[in-house]
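What the coordinates show
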Amino acid sequence: MPLTLPQKAWRVAVVLLAAVLFLGGTFVGDDDWWPFSPWRMFSTSTDPNGAVRSTFIEVRTAAAPATWVEAPISPDSVGLNRAEIEGNLDRIAKDPAMLKTLADSHTALRPDDPSWVGIRVVVRNYLLRDGGPTGQHRDDLVAEWRAS
């Protein structure tokens, strides 16, 4: 059964609206405009002699307060994904006390695990040469929180 003129017009209007939103997001949008954002993660490249960044957290537990160990950044562990931490690195660097919420979330989500008495956010820069890994990395401490 062929579409009527109003059915065709409605579909064309939806396609045109989506096209305008995607083009607007591409040229003037920001990541907050998702799914109409520029999707920079797909539109940029890494300098072949630069570094690839990876964010992680290290924690000290009540069971081993002198030792830093890497901990997962996941909804099961802290209630957040790594991207949510990465998106707030500037805020966390300015206010490391924000990391206490990760410790509180971890305690709520994993009450049988030792509580966290310290958290630090680290960005590891894997160094590249000619687009390939050199085997070297540099760690940058973004912020550190300690329980009082």
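Nothing here was measured: the structure is a model prediction, and the numbers come from that model.

Looking only at helices and strands, the protein features 5 helices and 4 strands. Listed N to C, the secondary structure of the protein is α-α-β-β-α-α-α-β-β in terms of helices and strands. In summary, the protein has a C-alpha radius of gyration of 22 Å against a globular reference of 15 Å for 148 residues, an excess of more than 25%. Taken along its principal axes, the extent of the C-alpha atoms in the protein is 70 × 45 × 30 Å. In the protein, which comprises 148 residues, the proportion classed as buried is 25%. In the protein, of all internal contacts separated by at least 6 residues, the share reaching a separation of at least 24 is 56%. Carbon and sulfur atoms make up 58% of the accessible area of the protein, which totals about 10,300 Å². Seen as two clouds, the 15 positive and the 18 negative side-chain charges of the protein have centres 3 Å apart.

It is worth spelling out the nonpolar core at this point. Residues Ile57, Ile85, Leu99, Trp116, Ile119 and Val121 are the most contacted members of the largest nonpolar core, which totals 17 residues. Put simply, the parts of the chain that give this core at least two residues each are strand S1 (51-61), helix H4 (89-94), helix H5 (100-109), strand S3 (116-129) and strand S4 (132-146). Of all the elements, S3 adds the most residues to this core, at 4 residues. Not counting residues within four places of it along the chain, the set of residues in contact with Trp116 comprises Ile57, Val59, Arg60, Thr61, Ala71, Ser77, Val78, Leu102, Ala103, His106 and Trp145.

Now for the sheet that holds strand S2 (residues 64-71). As a general point, the strands of a sheet are linked pairwise by backbone hydrogen bonds and lie either parallel or antiparallel. The 4 strands are arranged S2-S1-S3-S4 in an open sheet whose pairing can be described as antiparallel. Every interior strand has two partners, whereas the edge strands, S2 and S4, have only one. Averaged over all adjacent pairs, the angle separating strand axes in this sheet is 25 degrees, with direction ignored. Sheet topology note: the S3/S4 ladder contains 11 bridges and is antiparallel. The residue of S4 that forms the bridge with Val121 is Ala143. With respect to the sheet, H5 is in contact with S3 and S4, its orientation differing from that of S3 by roughly 110 degrees.

Considering the arrangement of structural elements, one finds Ser54 in strand S1. A polar contact of 3.1 Å, which involves the side chain of Ser54, links it to the side chain of Arg82. Other than its neighbours up to four places away in sequence, Ser54 contacts Arg82, Val122, Val123, Arg124 and Tyr126.

A few words on the pairing of S2. Two elements, S1 and S2, share 4 bridges in a ladder whose sense is antiparallel. Bridge pairing links Glu58 to Glu70 in S2. Hairpin remark: S1 followed by S2, antiparallel, with 2 residues in the connecting loop.

Pairs may arise between side chains of opposite charge once their charged atoms sit close together. All chains considered together, the criterion is met by 6 salt bridges. Among the salt bridges present, the one from Arg124 reaches Asp139, with a minimum N-O distance of 2.7 Å. Note that Arg124 is positioned in strand S3 and Asp139 in strand S4, a separation of 15 residues in sequence. Take Arg124: its relative accessible area is 18%, and that puts it in the buried class. For Asp139, a relative accessible area of 37% puts it in the partly exposed group.

Cut-offs used in this document
Residues numbered from 1 in each chain as written. Predicted model: local features only at pLDDT ≥ 70, side-chain atom pairs only at ≥ 80, totals over all residues. Heavy atoms only, no water. Helix = DSSP H or I, 4+ residues; strand = E, 2+ residues; numbered from the N terminus. Rg over C-alpha atoms; globule rule 2.2 N^0.38 Å. Buried < 20%, exposed > 50% of the residue type's maximum accessible area, 1.4 Å probe, protein only. Contact = heavy atoms within 4.5 Å. Areas by Shrake-Rupley, 256 points an atom, 1.4 Å probe, with all protein chains shown as cover. Lys, Arg positive; Asp, Glu negative; His and termini not counted. Charge placed at Lys NZ, Arg CZ, Asp CG, Glu CD. Core = buried A, V, L, I, M, F, W, Y, C linked by side-chain atoms within 4.5 Å. Pairing = 2+ DSSP bridges. Axes fitted to C-alpha atoms, helices over the stretch in contact; angles between N-to-C directions. Polar contact = N/O pair within 3.5 Å; in protein donor to acceptor, adjacent residues only side chain to side chain. Salt bridge = Lys/Arg side-chain N within 4 Å of Asp/Glu carboxyl O.

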